[in-house]
Amino acid sequence: MPHHRLLPLLLLPLLALPVTAQEVLPEIVVQAPGEAASQAFVGDVLDETHGKQLARWHQPLCVTLRGFTPDQEGRFTKRLQGAASIAGLPPAKAGCKPNAIVLLTDAPDRLIDRMLVQHPGIFAPAKPSEVRRKLADGDVARVWSVALTMGADGSTPDAAMKGGAVITSVKIAPGNASRLASATRADLFRSMVILDVKGLVGLPLDAVADHVAMRLLGQLGEAKGGRLPSILSLFQTKAGARPLALTEWDRALLRELYTAPAATTADRQRRQIARRLGETAGTAP
């Protein structure tokens, strides 16, 4: 993949109030159910792609944090790196160009509006109305990610919008695609998580970091269905019933998302992840 210019994410002002780091509460361990539950879990947390392939990183995750104290930054970054290693991503090098940002604020709607005015390229090619529909939903963690359609071998697409991140086409050699295989793959290019401080009261910093890691590493939604114990349900379930760290199912989901064939159909990717998830949950990372 060519060296992309970083959009002006790092120019955003610090509009945030730092979250208070708390002691980590004991993790809740629940015996995992079987294959049917894993299929429901995958359907619950993997965002609807409307037939598009599941996107993942094919380069190190390089995250910058805004609104955190220095001590919190260190702890948060360490948790993110730990999750990335489970996914099999190599560690980012010192001085890397950030491809993801986590913003901590007490006014997420105002921050989003300000970004749309001052740095609209962050969300390109989406229209402001689309951004507001997706992000102005009141969730504690509001996630925006951009994926590129690349050649199956990681080759550079033919054309990209200037200043944006949408790819319109790739060169496809004759005979490269089939009903099972694809000539393209979906690469995560840029991700952003906006955290609303008001929804983090009483939550351990490490738990929040693990939740954010899952949202950054794939286009994963919150586990609203309560199918399986997952850090993705951190903001959905009552205190005392939610895991406060990556569970065995979370670890297995990351491993399977990153080992599923990248150059195949979305349906086949989902089926393989669901099938393998039941087999591998609980194994060592």
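Residues numbered from 1 in each chain as written. Predicted model: local features only at pLDDT ≥ 70, side-chain atom pairs only at ≥ 80, totals over all residues. Heavy atoms only, no water.

Describing the packing of aromatic side chains
The description of an aromatic ring pair uses the distance of the two centres, along with the angle that the planes make with each other.
Stage number 1. With the rule as written, the count across this model stands at two aromatic pairs.
Stage number 2. Considering the side-chain rings of F68 and F76, the 4.9 Å spacing of their centres and the 50 degrees angle between planes classify their relative orientation as tilted.
Stage number 3. Judged by relative accessible area, which is 8%, F68 ranks as buried.
Stage number 4. Look at F76 and you get buried, because its relative accessible area is 0%.
Stage number 5. Ring centres of F123 and W144 lie 5.5 Å apart, and the angle between their planes is 80 degrees; this geometry places the pair in the edge-to-face category. Linking F123 in the loop between α3 (108-118) and α4 (128-135) with W144 in strand β3 (residues 141-151), this pair joins segments that are 21 residues apart in sequence.
Stage number 6. A residue is classified by how much of its surface remains accessible, and F123, at 1% relative accessible area, is buried. (Phe/Tyr/Trp six-rings, centres within 6.5 Å; stacked < 30°, edge-to-face > 60°. Buried < 20%, exposed > 50% of the residue type's maximum accessible area, 1.4 Å probe, protein only. Helix = DSSP H or I, 4+ residues; strand = E, 2+ residues; numbered from the N terminus.)

Observations concerning the pattern of salt bridges
Stage number 1. In total, this model carries eight salt bridges according to the counting rule given.
Stage number 2. As a salt-bridge pair, K198 and D196 come within 3.0 Å of each other at their nearest N and O atoms.
Stage number 3. Look at K198 and you get exposed, because its relative accessible area is 53%.
Stage number 4. Overall, D196 belongs to the buried group, its relative accessible area being 10%.
Stage number 5. The closest approach of N and O atoms between E222 and R215, which form a salt bridge, is 3.9 Å.
Stage number 6. Each of the salt bridges in this network shares a partner with another, and the network as a whole consists of R75, R79, D206 and D210. (Salt bridge = Lys/Arg side-chain N within 4 Å of Asp/Glu carboxyl O.)

Digging into the sheet that holds β3
Stage number 1. One open sheet holds the four strands; their spatial order is β1-β2-β6-β3, and the pairing between them is mixed. The strands lining the two open edges of the sheet, one partner per strand, are β1 (63-66) and β3. Each strand of the sheet is rotated relative to its neighbour by a mean of 15 degrees, with strand direction disregarded.
Stage number 2. Here eleven bridges tie β3 to strand β6 (residues 184-196), and the two strands are oriented antiparallel to one another. Directly across from A141, in β6, lies its bridge partner L195. (Pairing = 2+ DSSP bridges. Axes fitted to C-alpha atoms, helices over the stretch in contact; angles between N-to-C directions.)

Description of the packing of α3 against α4
Stage number 1. The contact between α3 and α4 brings their axes to 11 Å, and the two run at 160 degrees. Comparing the axis directions of α3 and α4 gives the class roughly antiparallel. In this structure, α3 crosses over α4, and the sense of that crossing is right-handed. Two secondary-structure elements touch here, α3 through I112, D113 and L116 and α4 through P128, V131, R132 and L135.
Stage number 2. Residues belonging to the contact of α3 with α4 are distributed by class as follows: five nonpolar, no polar and two charged. (Parallel < 35°, antiparallel > 145°, perpendicular 65-115°, else oblique. Left-handed = near helix turned anticlockwise from the far one by under 90°. Contact = heavy atoms within 4.5 Å. Nonpolar A, V, L, I, M, F, W, Y, C, P; charged D, E, K, R; others polar.)

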